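# Architecture and fold: a report
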Amino acid sequence: MKKVILSIAAGAACMVSCGPKSVAVTGPKYTASEQLVQGKTIFENSCSKCHKLPDPAKHDDQGWIKTLSRMAPKAKLSDEQHQMVYDYLISVNKK
């Protein structure tokens with residue numbers, strides 16, 4: 001019984017710490033400069049509320065998909081905002 005309780009508690013802790021994941025982004029969508037500027041603004045305003053902004057070069061395209069799928073729900077980003085942040089980050093990496 002004790003093992004069952006501990007296993008339930010561990011599962012609940014993981015769900016809280018891992019949080020829900022967003023799957024809104026599967027690849028680039030927006031390329032217009034206006035949307036990339038919006039992505040940069042959302043990135044700077046939303047992500048900096050909880051932590052130091054990461055260097056866009058920290059991840060490749062797939063790395064940002066994984067990271068943003070975990071972080072976008074915590075930042076309460078809409079699917080469109082999530083996509084714009086992703087597109088901004090990969091556009092900066094390509095330069």
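As a starting point, this report considers the structure included with it. These figures come from a predicted structure and were not determined experimentally.

### Examining the layout of surface pockets
The space that makes up the largest pocket amounts to roughly 260 Å³. For the lining of the largest pocket, the element with the most residues is helix H3 (residues 61-74), which contributes 6 residues. Its residues placed into classes, the lining of the largest pocket shows 8 nonpolar, 4 polar and 4 charged.

### Concerning the nonpolar core
With 14 residues, the main nonpolar core has Phe43, Trp64, Leu68, Leu77, Val85, Tyr86 and Leu89 as its most contacted residues. Sorting the residues of this core by element identifies helix H2 (33-47), H3 and helix H4 (79-93) as the ones contributing at least two each. Among the elements that line this core, the one with the most residues is H4, at 5 residues. When residues no more than four places from it in sequence are discounted, the contact partners of Phe43 are Ser48, Leu53, Pro54, Val85, Tyr88 and Leu89.

### Side note on the packing of H2 against H4
One way to put it is that H2 packs onto H4 with a least axis distance of 7 Å and a crossing angle of 100°. Here H2 lies roughly perpendicular to H4, going by the angle between them. Facing Gln35, Leu36, Gln38, Gly39, Lys40, Ile42 and Phe43 of H2, the residues of H4 in contact are Gln81, Met84, Val85, Asp87, Tyr88, Leu89 and Ser91. Classifying every residue of the contact of H2 with H4 by side-chain character gives 7 nonpolar, 5 polar and 2 charged.

### Quick look at the side chain of Ser46
Within the fold, Ser46 resides in helix H2. Filtering out sequence-adjacent residues up to four positions away, Ser46 remains in contact with Ala75 and Leu77.

### Looking at the pattern of salt bridges
Tallying each qualifying case throughout the model produces 1 salt bridge. A salt bridge links Glu44 to Lys40, with the nearest nitrogen and oxygen atoms 3.8 Å apart. Of this pair, Glu44 and Lys40 both sit in helix H2, 4 residues apart, which is roughly one turn of that helix.

Criteria and thresholds
- Residues numbered from 1 in each chain as written.
- Predicted model: local features only at pLDDT ≥ 70, side-chain atom pairs only at ≥ 80, totals over all residues.
- Heavy atoms only, no water.
- 1 Å grid on protein atoms, 1.4 Å probe; cavity = no way out; pocket = protein on both sides within 12 Å on 5 of 7 lines; lining within 4 Å.
- Points joined across faces, edges and corners; volume = space filled by probe spheres on them.
- Helix = DSSP H or I, 4+ residues; strand = E, 2+ residues; numbered from the N terminus.
- Nonpolar A, V, L, I, M, F, W, Y, C, P; charged D, E, K, R; others polar.
- Core = buried A, V, L, I, M, F, W, Y, C linked by side-chain atoms within 4.5 Å.
- Buried < 20%, exposed > 50% of the residue type's maximum accessible area, 1.4 Å probe, protein only.
- Contact = heavy atoms within 4.5 Å.
- Axes fitted to C-alpha atoms, helices over the stretch in contact; angles between N-to-C directions.
- Parallel < 35°, antiparallel > 145°, perpendicular 65-115°, else oblique.
- Salt bridge = Lys/Arg side-chain N within 4 Å of Asp/Glu carboxyl O.

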